[in-house]
Amino acid sequence: MKKIVLATLSTTLVLSATSCNKNILDENPTSVLTPAFLQTAQGVEAGVTGVYSGLRQVYGNDAATFTTEAGTDLWTTGISASSGLADYDNNSLTPTGDGSNSFIWTACYQKINAANGVLQYGPNAQGLTPTRLTQLLAEAKLLRAQYYFVLVQDFGDVPLYTTFIDQPTKDISRAPLADVYTQILKDLTESLATIADKPAQPGRVTRATVLHLLAKVYLTRATSSAKQATDYQMAAQYAKELIDNQGRYGLALETDPAAVFAEGNENGKEVIFNAQFNNDATFTGLDGFTYVSGENVLGFQYRSRYDKLPNMARDTYNGRPFARHVPTYFLENSYILKDASGNALESGAALRTTDTRYSKWFTTVYTVNTPSPNANGGSTKAVVGDTSAWYPGRELTAAQLTRIANRTPYPYIVIQPSQYTTEYFPTLNKFDSRNRSSLNGFSTRPNIIYRLAETYLMAAEAYFYLGNSAQAATYINVVRERAAAAGKKAQMDITPAQVNIDFILDERARELCGEFTRWYDLKRTTTAGGANELLTRIRNTNYAPALRSVTTPGFTKGGVYGSNAAINIRDFHVLRPIPQSEIDRTSGKLTQNPGY
Amino acid sequence: MNKSLPSSGSQGRDRKWSRLVALLLLTGSLTPAYVQAQQQAPVSTSGPHQVTGKVTSDDGEALPGVTVVVKGTTNGATTSADGTYTLTVPSDNAILIFSSVGFGRKEVAVGKRTSLSQSLTPETQALNEVQVVGYGTQKKSQVTGAISSVSDEQLRDVPVANVGQALQGRAAGITVSSNGTAPGQSPTIRIRGSRSLSGSNDPLLVVDGVPFDGSLNDLNPDDITSLEVLKDASSTAIYGARGANGVILITTRRGKSGAARATYAGYYGIKDIYGRFDLMNGEQYYNYRLEAYRTQSPTFDPSNPSFLTQDERNNYAAGKTTDYQSLLFQKGHIQNHTLGVSGGTDITQYSASLGYYDETGIVPVQRFQRYSLRGTLDQQIGKRVKVGVNTLNTFTNANDPNVNVLYQILTTSPLASPYDANGQLVLYPNGDNAGSNPLTLYTPNAHLDRSRRLRSFNSLYGQVNILKGLDYRLNVGLDGRTQADESFYASVTPNNGGGVNTASRSSSIAYNLLAENLLTYNRNFAEKHDLNVTALYSRQTYHADGFQAGVRGTLADYQLADNLGAGTPSTISNNTPPIDWALESYMGRLNYAYDNRYSATLTARIDRSSRLAPGHKTNVFPSAAVAWNIANESFLKDYSWLNTLKLRASLGRVGSTAINPYQTQGALITGIGNGYYNYGTTGGIGIIPSAIPNPLLGWEYTTTANFGLDFGFFENRLTGSVEVYQQRTSDLLLPDALPTASGYSSFLRNAGQTQNRGIEISLTTVNLRAKDLGGFEWSTDWNFTVNREKILNLNVYNADGSVRDDVGNQRFIGQPLYVIYDYRNLGVWQASEADQAKKYGSKVGQIKVADVNGDGKIDANDRVIVGSRQPKFEAGLTNRFRFKGLDLTIVALTRVGATVVDPYSFGPSYYATNTGRRNQLNFDYYSTGIPANLTPQTPGGVPANPSNTYPEPDQTVRANEWPTYGSTLGYHSGTFIKVRSIDLGYTLPAAWAKAAFMSSTRIYLQVQNPYIWAADKYFQRNKAIDPDALSYSTRFGGGDISGAGITFQGGSNYPVTRAFILGVNLGF
């Protein structure tokens, strides 16, 4: 009896312990998303947002300014963590050392694949209205074109994929530049046909974005090896269409240049395309120390070390100073009004007072926020709100300096152009983010990528190449007049005879400095003599200042200014190195650009 | 568990045997099973009386510590140092059982005797010793596999924090590398090297028959009675899909029949850093920084304000240095207390213990505490049924498991004052955000980093004897754990840099359910044939999930992470996404032994896993092994010096489950930096593809061939074994770095093959054997391991079909799995080489690397394999000395010939830059000298130093702050010799112990890490760095080429520590 009981008991145990769900070996994950999700309505929406998210990486990280603004005629090397891209350093700007372009490469291709997924699976998605679906697919196409456009400008021939990659592959090689441009234009043309005129939400791309981008792509292709005879014509046509119909897209130039970059106006009427960030910690990395790629550091990049000035301490208002990019004298002096022969029409205290953009977009005065001595001097006699330091943008006379030095209750520091160093220089303030919640926190503002003022300048460039300097001058003057001080519009105007490619480049510098475009602008254009502008300007130390020690007596008696860019740059630097890891991983199937 | 025993075949003794089987099963120890039972005729009944006597060995030596129990009761005693015992027996019918490890058990009827002396016969051979193997036990003489055991005694040699440490240097073929000195760190364990290139090379842990995953710190080492390491396919194949990395069987204590016995083991110790980092002081830092400025600008004058802050200047002038090592490194303590009680009768045995472990770090706050509680109960029900339960519960509390201020200690300016004029801490002492003040973390309510974990590991068995020799056993395992982590950082801490404070909490739960059905059949036929058959059917399911929430800007610092609602949400996620997996298995094993001379084992396991793609879920893992006991052959019987000689050979296949669930399906991810976006104020949860589906993903297999020789000579004064093996791992789970142009950066696939070949030698020598009790004894355990890893194939081929290196993943045919692929450092360009340096785009004073292909430039093609973390050999040595009551044990180990990557000199880790921006270790750097007038604190100035080891500091702006090719500075010889512990103990004479109502007392003094010798001068100068801890701290991935693909796991390590411990083991 006992045996039977025990036998029964044990049998029961066996069964109960092992007769679980029959399907224990089937996997039904609900905690991960699989590519099949892209075939749902929610999947298409989220997928397109994912494609957008790459804009944060391409236009928000260190790499954003290093790959587009560093190493140009506008900026020279700053003190902290510079990059080989700033001075074309042959030890750093290498296939293994160039982390910035490698980052851009990876970010673009990941989002291109995301776009490919949306465009491939999205059309089958149920539950979206046809209008919504069409709009989302048009946005994805535009963004895919934008990412390819970045790649093709940086690297030349690049791998070209338009279908979702669902099989691992190393069989990747570069497609001819012409094919990449063809695909970009195809995407844009298709998007143009269906996309909405105005954004449903801030940051969404629109028909205006397509027009602007089309103009830019044609303008860029026109000087590439894939150029077509009609490129300038097409560029002019699309730019003009956008300018002529700006009201249809809710666009217009701001009347005041300062308003363009006013905090809170990042989705304003002049803005065509931006990379979105906000102050919601759930969606935007804000803490300033957690780098997950995609946080906005633009507020830090162009900022000088104001926090080391006497009576100054770092604060949220003035921002976090990375001091990565220092303006060149060329940039600073480009705001001085000149006549057709290049002679300055302003001097002394009147310098840069006709063109207001310098005074609006560069911070040249700091006011005392900590009246106590710090490492570089200061005194409790200083008064909060009083001037702490001034970058006059010109050399002052000895008498002026003496007067300032004898000021009561406490003098302020004067830093003249000859005293600029990698730490002390006027700060570009277009990206200032003063509503950050913490001292070192990342910027909470969207970064503007394209805006209507550039459309005018692109139109001018296209018409100039088409031989219509009058039309070009008209467009340029719209932008220049907007920048004029009150009552000085006429002085800002130029004549058709003044229009040439160097003037256009200089105007782009004045208007668009710091806005992710300069390296491409120089690379795209050639001098009247047919030489590449990038190589020409960087080799000219009037544009790219040579490295020199700054030993003037006074506060800034030490440091360096400038870089070795002029010495280092080589002809092949018009293209970026393909990341070595990509070459290694394709076993050399992906070839390197010449020279690297 | 099951043990095969010699059976007499005599019907009359069956009852006794079954009881003994039960008893032996329950002890779960290595107690010799050979029993010489004696039948005694009952004598006339009488009342209780006292019995005294002396227990000796056959040759007359007194035997201390022998258990003497009145049969059928818990009434017993233990013999004292002189072998005597005193016991009161209830009646003249009483039977005394004498038992002791290493001796045959005896039962003797007392009768009317008041004096009963008894001699015990030592186990003459290892022949009848029992070896714990997977799913049971085997007679040691019949074992066919390669198994290393660590006995109870060895475990007691060194008090350790966890099981891994107990194994370090103790067994051949097992590499244990401490991962750091922070309390609560689990070491890395490798059995016979690494074979898998994907995540896990960790062995499978099995505790009392139930697979155990997770932290080794969840086990109290005092609860463990033996460790068995299964190394070859014959012994691991029964774990099938999980056996490829070896298996460690952990057996915990269970009750024994006999008098209730209480034990207390406790120790307390002080630990301090073994040595300091050789860090630059204020004056040295001043000179280094000045040199960096002057290299860039030769006329640079230190009075330039950009050089130092006023505070730094003042401190320099006053000769002051802020030494963060002194400010933060402190003494820590280690203590452990375990209270146990055990006992039982023939039918019921129990044991219970309570433990507390507490270790503090060498920096403030850091602490690890473990509370453990366990209990076992074994109950015989009737003649055929037995049930038992085992429950192990631990609660661990770790403070600051993640906070590491070593970077601040080593890099913050030594010239800047940590406090301002008001005595307030300054977050950035010299104004540079790259150098924060670590002291800010240690003000009240500045931070909280705490991890609390509760684990309950339970197993239950029921066993039924169905027929003679045939048993059915059901094992049920229930293993659950839950963990809660909290963190908080105030505004003024390095973590938040003066921004808003941040707080987060996370919790996770995981559980494992296991049911195993085992049928075993053990028979001996015709005296000479031993047959043991085991069949298994088991199912295991696993589930884990977790949740994390983080906020910023909480209202009140003092609430730490207790009121997340008072902050703004910043992160909310399933930090452990819910996952499930299941494994269903069938296993069969056949052992056959003939005449204790020939034995063979055949096993096969079939595993079916949920993790693999449909159609690929089932796999078979077979193995076969034979053994030949040469010493038992009649033609060798006459050689008395030969005690054991056994040859073994095995071949089999095992798998590795290194695949995480759901990997066959592809994935889209979402999160900040991974798809999140916003449209104005509206958040956008975007997704991006992150993993490619792989419907063909399968397991990797390891096929192992093993040859072993066990030997024992000269009355077993020289015993040991030699193992020779080859392992081939195929269908490697290769995390294959993909060109990111495909949209993905890596992919897991089955491809390629690796090989491990090796020799392991274990030796135990009794160098001096005591002539009489208490005489001088000296014995030594030696172990020696050579393992060679080699990549055979990576599934990338040249056009002609030959196999090719995979440079993108830094994997090379014919090389070990992890090699360092970088430029070859030739020193520093000297003044005489200026022209050549210029030709290579470098300059005098900077790092010179080899132009390997001689093409006149340095580029990616000049990278070579500069080293590997695979050692040439490893060895361990344990010496034991015994004299009277004194014992001395010294445990040492060495690892020779590996190249390690040291983070403190490796450029990309930012500890060693050469811009002079931060403080760093005191390197012998190239210097052109500084005139005396610029260095007031260094009279005579800094002389030129044409060093060929570390480059000249240089402020010149470049892509990174470390010198070009600065990664090459971090590669050092990892050769070391480490004396892990010296342990001096004294066992009190029995009479003294008895006077204190104790049966045994041992007091010991121990030094942990008394001595570490490193071959590399760099480590000799920086005694804080333990080359042992660097052995596995690096991970290699193809991704980051600029850092030679090297990243550091868990950041950096605090200095290695030395501890002095005083402990006591008491038995009542």
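Residues numbered from 1 in each chain as written. Chains lettered and ligands numbered in written order. Predicted model: local features only at pLDDT ≥ 70, side-chain atom pairs only at ≥ 80, totals over all residues. Heavy atoms only, no water.

## Quick notes on the overall build of chain A
The secondary structure content of chain A amounts to 22 helices and eleven strands. Judged by the C-alpha coordinates and their principal axes, chain A covers about 115 × 65 × 45 Å. Residue pairs at least 24 apart in sequence account for 70% of intrachain contacts in chain A once pairs closer than 6 positions are excluded. If you sum the accessible surface of chain A, you get close to 20,300 Å²; carbon and sulfur atoms cover 53% of it. Each charge class in chain A was averaged separately, 56 positive and 53 negative side chains, and the resulting centres sit 3 Å apart. (Helix = DSSP H or I, 4+ residues; strand = E, 2+ residues; numbered from the N terminus. Contact = heavy atoms within 4.5 Å. Areas by Shrake-Rupley, 256 points an atom, 1.4 Å probe, with all protein chains shown as cover. Lys, Arg positive; Asp, Glu negative; His and termini not counted. Charge placed at Lys NZ, Arg CZ, Asp CG, Glu CD.)

## Focus: the overall build of chain B
Looking only at helices and strands, one finds twelve helices and 53 strands in chain B. Summarising its shape, the C-alpha atoms of chain B cover approximately 110 × 70 × 65 Å along the three principal directions. Residue burial in chain B is summarised as follows: out of 1068 residues, 59% are buried. At a minimum sequence separation of 6, the contacts of chain B that also span at least 24 residues come to 71%. Total accessible area computed for chain B in this model is approximately 39,200 Å², and 57% of it derives from carbon and sulfur atoms. Averaging the positions of the 94 positive and the 85 negative side-chain charges in chain B gives two centres separated by 6 Å. (Buried < 20%, exposed > 50% of the residue type's maximum accessible area, 1.4 Å probe, protein only.)

## So, the sheet that holds strand S10 (residues 147-150) of chain B
All names here are of chain B. Strand order across the open sheet formed by five strands is S10-S15-S16-S13-S14, with mixed pairing between neighbours. In this open sheet, the two strands that pair with only one neighbour each are S10 and strand S14 (210-212). Averaged over all adjacent pairs, the angle separating strand axes in this sheet is 25°, with direction ignored. Where strand S15 (residues 224-230) and strand S16 (residues 247-252) come together, six bridges link them in antiparallel fashion. Looking at S16, one finds that Glu228 is bridged to Leu249. (Pairing = 2+ DSSP bridges. Axes fitted to C-alpha atoms, helices over the stretch in contact; angles between N-to-C directions.)

## Describing the pattern of salt bridges
Side-chain pairs of opposite charge can arise where the charged atoms are in close proximity. Residue and element names in this part refer to chain A. Tallied over the entire structure, the rule returns 84 salt bridges over all chains. Among the ionic pairs, Lys141 bridges to Glu190, the shortest N-O distance being 2.8 Å. Placement of the pair is Lys141 in helix H6 (residues 130-155) and Glu190 in helix H7 (residues 177-194), with a sequence separation of 49 residues. On the accessibility criterion, Lys141 (22% relative accessible area) is partly exposed. Of the residues examined, Glu190 reaches a relative accessible area of 30% and is grouped as partly exposed. Through salt bridges with shared partners, one network takes in Glu270, Asp355, Arg357, Lys430, Arg451, Arg480, Arg482, Glu507, Arg510, Glu511 and Glu515. (Salt bridge = Lys/Arg side-chain N within 4 Å of Asp/Glu carboxyl O.)

## Some points on the nonpolar core
Membership of the largest hydrophobic core comes to 153 residues, with the highest contact counts inside it found for Leu55, Trp105, Leu151, Ile184 and Leu188 of chain A. Residue contributions to this core peak at 15 residues, all from H6 of chain A. Each residue touching Leu151 of chain A, except ones within four places of it in the same chain, is listed here: Trp105, Cys108, Tyr109, Ile112, Gly156 and Val158 of chain A. Counting residues in hydrophobic clusters, the runner-up holds 54 residues, among them Phe329, Val403, Leu406 and Ile847 of chain B. (Core = buried A, V, L, I, M, F, W, Y, C linked by side-chain atoms within 4.5 Å.)

## As for the interface of chain B and chain A
Contacts between the two partners involve 98 residues from chain B, matched on the other side by 99 residues from chain A. Interface of chain B and chain A: buried area, both sides summed, is about 8,300 Å²; carbon and sulfur atoms make up 59% of it. The largest share of the area that chain B buries against chain A comes from Arg539, Tyr677 and Tyr679 of chain B, three residues that together contribute 10% of it. Scanning the region where chain B abuts chain A turns up two salt bridges. Asp584 of chain A is the salt-bridge partner of Arg863 of chain B, the closest N and O atoms lying 3.2 Å from each other. (Buried area = accessible area lost by both parts, 1.4 Å probe.)

## Notes on the packing of H6 of chain A against H7 of chain A
Residue and element names in this part refer to chain A. Interaxial distance between H6 and H7 falls to 8 Å at its minimum, and their mutual angle equals 155°. Compared by their axis directions, H6 and H7 come out roughly antiparallel. When the axes of H6 and H7 are compared, the crossing they make is left-handed. Across the interface between the two elements, Thr134, Gln135, Ala138, Lys141, Leu142, Arg144, Ala145, Tyr148, Phe149 and Val152 of H6 pack against Leu177, Val180, Tyr181, Gln183, Ile184, Asp187, Leu188, Glu190, Ser191 and Thr194 of H7. Its residues assigned to classes, the contact of H6 with H7 shows eleven nonpolar, five polar and four charged. (Parallel < 35°, antiparallel > 145°, perpendicular 65-115°, else oblique. Left-handed = near helix turned anticlockwise from the far one by under 90°. Nonpolar A, V, L, I, M, F, W, Y, C, P; charged D, E, K, R; others polar.)

## Some words on the pairing of strand S30 (residues 642-656) of chain B
Residues and elements named next belong to chain B. Most of S30 is tucked away, with eleven of its 15 residues classed as buried. As judged from the 14 bridges shared by S30 and strand S35 (residues 700-713), these two strands associate in the antiparallel manner. In the sheet register, Leu642 faces S35, and the bridge partner there is Phe713.

## Considerations on the sheet that holds strand S1 (residues 49-57) of chain B
Residue and element names in this part refer to chain B. Spatial strand order, S4-S1-S7: three strands in an open sheet with mixed pairing. Of all the strands in the sheet, the pair left with one neighbour each is strand S4 (84-89) and strand S7 (118-120). Going across the sheet, the axis of each strand differs from the next one's by a mean of 35°, ignoring polarity. Where S1 meets S7, three bridges bridge the pair, whose relative direction is parallel. Across the sheet, the residue bridging to Val55 is Gln118, located in S7.

## Section: H6 of chain A
Under the 1.5 Å per step criterion, the end-to-end length of H6 of chain A is 37 Å for 26 residues, consistent within 8% with the ideal 38 Å. One or two steps after H6 of chain A, the chain reaches Gly156 of chain A, where phi turns positive at roughly 85°. (Expected span 1.5 Å × (residues − 1).)

## Focus: the environment of Trp992 of chain B
Looking at the element boundaries, Trp992 of chain B is found in helix H10 (residues 990-995). Trp992 of chain B sits 912 residues away from Ser80 of chain B along the chain, and the two C-alpha atoms are 9.9 Å apart.

## A look at helix H8 (residues 207-221) of chain A
Residues and elements named next belong to chain A. In this model H8 runs 21 Å from its N-terminal to its C-terminal C-alpha over 15 residues, within 8% of the 21 Å that 1.5 Å per residue would give. Among the 15 residues in H8, 15 count as buried, and that is most of the element. Its side-chain oxygen placed 3.1 Å from the backbone nitrogen of Ala208, Thr206 serves as the N-cap of H8. (Polar contact = N/O pair within 3.5 Å; in protein donor to acceptor, adjacent residues only side chain to side chain.)

## Re the side chain of Asn532 of chain A
Residue and element names in this part refer to chain A. Examined against the element boundaries, Asn532 turns out to sit in the loop between helix H19 (518-524) and helix H20 (533-539). With a relative accessible area of 18%, Asn532 lands in the buried category. Among the polar contacts listed, one links the side chain of Asn532 to the backbone nitrogen of Leu534, at a separation of 2.8 Å. Once residues lying within four places of it in the same chain are set aside, the contact partners of Asn532 are Leu522, Lys523, Thr525, Thr526 and Val574.

## With respect to the environment of Val180 of chain A
Assignment of secondary structure puts Val180 of chain A in helix H7. The residues touching Val180 of chain A, leaving out its near neighbours within four places in the chain, are Tyr148, Val152, Val158, Leu160 and Ala175 of chain A.

## Notes on the pairing of strand S24 (residues 502-525) of chain B
Two faces make up the sheet, and in a regular strand the side chains alternate between them. Residue and element names in this part refer to chain B. Relative to S24, strand S23 (residues 470-489) is paired through 20 bridges, and the arrangement is antiparallel. Among the inter-strand pairings, Asp479 is bridged to a residue of S24, identified as Asn512. Taking the residues that link successive antiparallel strands as the turn, the S24-strand S25 (residues 529-552) hairpin has three residues, and the phi of Ala526 there is positive, at about 50°.

## A few points about the side chain of Asn793 of chain B
By the element assignment, Asn793 of chain B lies in strand S40 (residues 777-793). Beyond its immediate stretch of four places on either side in the chain, Asn793 of chain B contacts Gly752, Gln753, Val803 and Ile813 of chain B.

## Overview of the confidence of the model for chain B
Residue and element names in this part refer to chain B. In the predicted model, chain B carries a mean pLDDT of 84, and 91% of its residues have values of at least 70. Counting interchain partners and residues more than four positions distant, the pLDDT-below-50 stretch residues 1-45 has 81 contacts. Of the regions scoring below 50 in pLDDT, residues 1037-1043 engages in 18 contacts with residues more than four places distant in sequence or in other chains. The complex model carries a pTM of 0.75, and its ipTM stands at 0.92. (pLDDT = per-residue confidence, 0-100.)

## A short note on the packing of aromatic side chains
Within the structure shown, the criterion is met by 70 aromatic pairs over all chains. Centroid distance Tyr542 of chain B to Trp581 of chain B: 5.2 Å. Interplanar angle 15°. Geometry classified as stacked. Of this pair, Tyr542 of chain B sits in strand S25 while Trp581 of chain B sits in strand S27 (residues 579-594), and the two are 39 residues apart along the sequence. One exposure class covers both Tyr542 of chain B and Trp581 of chain B, and it is buried. A connected cluster of aromatic rings, assembled from ring pairs, spans Tyr59, Trp75, Phe261, Tyr302, Trp361, Phe431 and Phe516 of chain A. Directly above the ring of Trp519 of chain A sits Arg576 of chain A, whose terminal nitrogen or CZ lies 3.6 Å from the centroid. When the ring centre of Phe212 of chain B is taken as origin, the NZ or CZ atom of Arg455 of chain B, which lies over that ring, is 3.9 Å away. (Phe/Tyr/Trp six-rings, centres within 6.5 Å; stacked < 30°, edge-to-face > 60°. Lys NZ or Arg CZ within 6 Å of the ring centre and 35° of its normal.)

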